[in-house]
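Spelled out, the chains give:
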Amino acid sequence: MKTRGTDEIKADYEQAKKTYAAWGVDTEKALARMAERSISIHCWQGDDVAGFESEGPLSGGIATTGNHPGKARNWGELKADLEKALSLIPGQHRVNVHALYANGGKADRDQQKPEHFRPWIDWAKAQKVKLDFNGSFFSHPKAADGLTLSHPDASIREFWIRHAQAAREIGEAMGRELGSPSVVNLWIPDGSKDLPVDRLSPRKRLKDSLDAAFAKKTDPKHMKDAVECKLFGIGSESYVVGSHEFYLGYALRNKVMPCFDMGHFHPTESVADKISSTLLWADELLLHVSRGVRWDSDHVVLLGDELRLLAEEITRCDAWSRVNFALDYFDASINRIAAWAVGARSAMKAILISHLEPIEALREAEKKGNFGRRLALVEANKALPFGAVWDKFCLDKGVPHEQACLESIDEYEASVLSKRK
Ligand code: RNT
Ligand code: ZN
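Let me sum up the structure you'll find in this document. All figures in this text were calculated on a predicted structure; none of them were measured in a lab.

Our next topic: the side chain of R345. Summarising the element assignment, R345 is placed in helix 10 (residues 336-355). Looking at R345, its side chain comes within polar contact range of the main-chain oxygen of P400, at 2.9 Å. Looking at R345, its side chain comes within polar contact range of the side chain of E402, at 2.7 Å. For R345, the contacting residues outside a window of four places in its chain are L88, P90, W390, C394, V399, P400, H401, E402 and C405.

What follows is the structure in structure tokens.
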């Protein structure tokens, strides 16, 4: 393989620019719009959702498989790996932190304070990234039976309510210090393996717990609340307390954001289709961009139809200012920098493609009722040379283009990851 140089990237781009122009698409405009797009990169791909608290196993119905050598074992390594991954992702992005990644001293989840995340905040300032935050309602002795905010035992519920309150306070502090509101997402694993007789009581308890967690007003300039639904998990195959209907209803009534994870719906159900309908009722929403494969909801994101359609829908609805776009996947079987970079770059590619869509031609065909032409255009669009525009975008942002990215990942594996024993 011969790695292409800057001149070749530029020449290919000039050619692609002409091709797109013939389809009525301005690639310069698309590149300018890309500069405004910022996605939230999850910290938890770096160490298989292990976190910094204990050696305990991942729980809560989510799982990683594989044992590729070189995973980050502490804050120093995670920070280095995250910096490496960010250097491979074009654009200025956010970093998404989970509560089990406290790096400023130890405290149980219900006692966490912003100071326990001080190194994250200082690092974010130095890196010029913004932070988002998540409560961690798993991998903890008080979540051992898979129940948290809906637990029948009031003392356990109260512990997790305090954790949710702590998470909101930490997110608010992050947002205040970094000058951009943190999205604070709550996902809980609560559910049951087999058919429950009482589906109602846990949901009533969850509602009350959320009411208590959200009772304290926070400043929307510094943080925004989100709640994440799920269809099923490992060990919660028959019933999930925080289902889609539960959280959509809760979010709309209480003016918090619904979070749609692409791996948390029936396999043929499209999250893209939820954008236009939800944004008629909700001010903003959070997406967990992921890839479901059979029972698993968290494969590394790839540039498939689902991801493309998601980005296209947001662009077509002109909704980027109301959609928070966050990655959520974890793969322990491959080089984790590759997982991070490939997934994030695929997401950015989908966004780029959405800005390169020959939308005028598509809208015109649709308006005229010429659906054969509309379908043909959708397919013709797939053959347009977006890859040349993508490489130019990477070049403009000072990030390795597609071929160079592969080399950069291999080099880091050889010089850093493979040395970790
Ligand atoms: C789990 C949810 C949740 C987690 C992360 C670690 O099914 O998707 O968002 O993946 O918070
Ligand atoms: Zn998720």
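Attention shifts here to the coordination of the zinc ion (ligand 2). Looking at the zinc ion (ligand 2), one finds its protein donor set to be E228 (OE), D261 (OD), H288 (ND1) and D328 (OD), positioned 2.1 Å from the metal centre. Classification of the site at the zinc ion (ligand 2) rests on its 6 donor atoms, whose angles at the metal span 71 to 169 degrees, yielding the label octahedral. For H288, a relative accessible area of 2% translates into the label buried.

This part takes up helix 7 (residues 244-254). Those residues of helix 7 that sit buried are H244, F246, Y247, Y250 and A251. End-on, the buried residues of helix 7 take up no more than an arc of 160 degrees, which puts them together on one face. Of the residues in helix 7, the exposed ones pointing more than 90 degrees away from the buried face are E245 and R253. The elements touched by buried residues of helix 7 are helix 6 (200-214), strand 6 (223-228), strand 8 (257-261) and helix 8 (272-278).

Here we come to the pairing of strand 8. In terms of burial, strand 8 is a largely internal element, 5 of the 5 residues being buried. Both faces of strand 8 are covered, namely the face carrying M257, C259 and D261 and the face carrying P258 and F260. Of the pairings in the sheet, the one linking strand 8 to strand 9 (residues 285-289) comprises 3 bridges and is parallel in character. Bridged to D261 within strand 9 is H288. The β-α-β motif built from strand 8, the intervening helix 8 and the parallel element strand 9 has right-handed crossover chirality.

Turning our attention to a nonpolar patch on the surface. Residues L231, F232, I234 and W295 make up a contiguous nonpolar surface patch of roughly 370 Å² in combined accessible area. Within the secondary structure, I234 is located in the loop between strand 6 and strand 7 (239-240). The exposure class assigned to I234 is partly exposed, which follows from its relative accessible area of 44%.

The subject of this paragraph is the packing of helix 10 against helix 14 (residues 402-415). The contact between helix 10 and helix 14 brings their axes to 10 Å, and the two run at 160 degrees. Considered as vectors, helix 10 and helix 14 are oriented roughly antiparallel to each other. With respect to the hand of their crossing, helix 10 and helix 14 are arranged in right-handed fashion. Every residue of helix 14 that contacts helix 10 at I337, A338, A341, R345 and K349 is listed here: E402, C405, I409 and Y412. Among the residues forming the contact of helix 10 with helix 14, the class breakdown is 6 nonpolar, no polar and 3 charged.

This part takes up the site of ligand 1. As a structural note, the neighbourhood of ligand 1 is formed by W44, I62, H98, W187, E228, K230, D261, H264, H288, D328 and F330. Contacts to ligand 1 include H288, whose side-chain N or O atom sits 3.2 Å from an oxygen atom. Measuring from an oxygen atom of ligand 1, one finds a side-chain N or O atom of D328 at 2.8 Å.

The end-to-end C-alpha separation of helix 10 is 29 Å, in line with the 28 Å expected for 20 residues at 1.5 Å each. The N-cap residue of helix 10 is N335: its side-chain oxygen and the backbone nitrogen of I337 are 2.8 Å apart.

Following the criterion strictly, the structure yields 15 aromatic pairs and no others. Judged by centre distance (5.0 Å) and plane angle (80 degrees), the rings of F117 and F133 are edge-to-face. One end of the pair, F117, is in the loop between strand 2 (94-98) and helix 4 (118-127); the other, F133, is in strand 3 (residues 130-134), and 16 residues separate them in sequence. According to the relative accessible area criterion, F117 is buried, its value standing at 0%. Both rings, one in F246 and one in Y250, keep their centres 6.4 Å apart while their planes meet at 10 degrees; by these two values the pair is stacked. Pair noted here: F246 and Y250 are both in helix 7, with a separation of 4 residues, about one helical turn. Y250 matches F246 in its accessibility class, with the two residues each being buried. Through successive ring pairs, a cluster of aromatic residues spans F52, W75, Y101, W120 and W123. Its end group placed over the ring of F159, K142 keeps NZ or CZ at 4.8 Å from the ring centre. Looking at K392, its charged tip hangs above the ring of Y13, at a distance of 4.8 Å from the centre.

A general tendency of soluble globular proteins is for nonpolar side chains to be buried together. Judged by nonpolar contacts, the single largest core of 112 residues is most densely connected at W120, L210, L287 and F325. Residue contributions to this core peak at 11 residues, all from helix 10. Sequence-distant contacts of L210, defined by excluding residues within four places in its chain, comprise L149, L186, V227, F246, Y247 and Y250. Counting residues in hydrophobic clusters, the runner-up holds 6 residues, among them A226, M257, L286 and A326.

Definitions and cut-offs
All residue numbers here refer to positions counted from 1 along the written sequence of the relevant chain. Naming scheme: in the order in which they are written, chains are lettered from A and ligands are numbered from 1. Only residues with pLDDT of 70 or above have their local features reported here, since the model is predicted, and side-chain atom pairs are shown and tallied only from 80 upward, although totals for entire chains, interfaces and linings are computed over all residues. The basis for the side-chain values is all heavy atoms of the structure; hydrogens and waters are excluded. Secondary structure elements are defined from DSSP: runs of H or I of at least 4 residues count as helices, runs of E of at least 2 residues count as strands, and each element is numbered from the N terminus. Counted as a polar contact is a pair of N or O atoms within 3.5 Å, where, for protein atoms, one must be capable of donating a hydrogen and the other of accepting one, and residues adjacent in sequence contribute only when both atoms are in side chains. Two residues qualify as a contact provided that any one of their heavy atoms is within 4.5 Å of a heavy atom in the partner residue. For Na, K and Ca the donor cutoff is 3.2 Å, while for all other metals N, O and S atoms count as donors only within 2.8 Å; water does not appear among the atoms, so some sites may look incomplete. Sites are called tetrahedral only when four donors show all angles between 85 and 135 degrees, square planar or octahedral only when four or six donors show opposite pairs over 155 degrees and all other angles between 65 and 115, and irregular in any remaining case. Exposure categories follow from relative accessible area, calculated using a 1.4 Å probe and restricted to protein chains: below 20% of the type maximum is buried, above 50% is exposed, and the middle band is partly exposed. By definition, the arc is the one covered by directions from the helix axis to the C-beta atoms. We treat two strands as partners when DSSP finds at least two bridges between them. We call a crossover right-handed when, viewed with both strands directed away from the observer, the connection leading from the first strand over the helix to the second proceeds clockwise. To count toward a patch, a residue needs a relative accessible area above 30% and no salt bridge. Like charges then connect within 9 Å, nonpolar side chains (Val, Leu, Ile, Met, Phe, Trp, Tyr) within 5 Å. Note that accessible areas follow from Shrake-Rupley with a 1.4 Å probe, and for residues the cover is restricted to the protein chains shown. For this analysis, a salt bridge means a side-chain nitrogen from Lys or Arg found within 4 Å of a carboxyl oxygen belonging to Asp or Glu. Whenever a helix is involved, its axis is fitted only over the stretch in contact; in every case the axis is a line through C-alpha atoms, and angles between N-to-C directions fall within 0 to 180 degrees. Here the word oblique covers every angle except those under 35 degrees (roughly parallel), over 145 (roughly antiparallel) and from 65 to 115 (roughly perpendicular). The handedness criterion is simple: a crossing whose near helix is rotated anticlockwise from the far helix by less than a right angle is left-handed, and one whose near helix is rotated clockwise is right-handed. Residue classes follow a fixed rule: Ala, Val, Leu, Ile, Met, Phe, Trp, Tyr, Cys and Pro count as nonpolar, while Asp, Glu, Lys and Arg count as charged, and any other residue, Gly among them, counts as polar. In these notes, residues near a molecule or strand are those with any non-hydrogen atom within 4 Å of it. Here the expected length of a helix is defined as 1.5 Å per residue gap, with one fewer gap than residues. Any two rings among Phe, Tyr and Trp, with Trp reduced to its six-membered ring, count as a pair given centres within 6.5 Å; such a pair is stacked if its planes are under 30 degrees apart, edge-to-face if over 60, and tilted if neither. Put simply, a charge is over a ring when the Lys NZ or the Arg CZ is close to the ring centre, within 6 Å, and near the line of the ring normal, within 35 degrees. What makes a nonpolar core is a set of buried Ala, Val, Leu, Ile, Met, Phe, Trp, Tyr and Cys residues whose side-chain atoms join them at distances within 4.5 Å.

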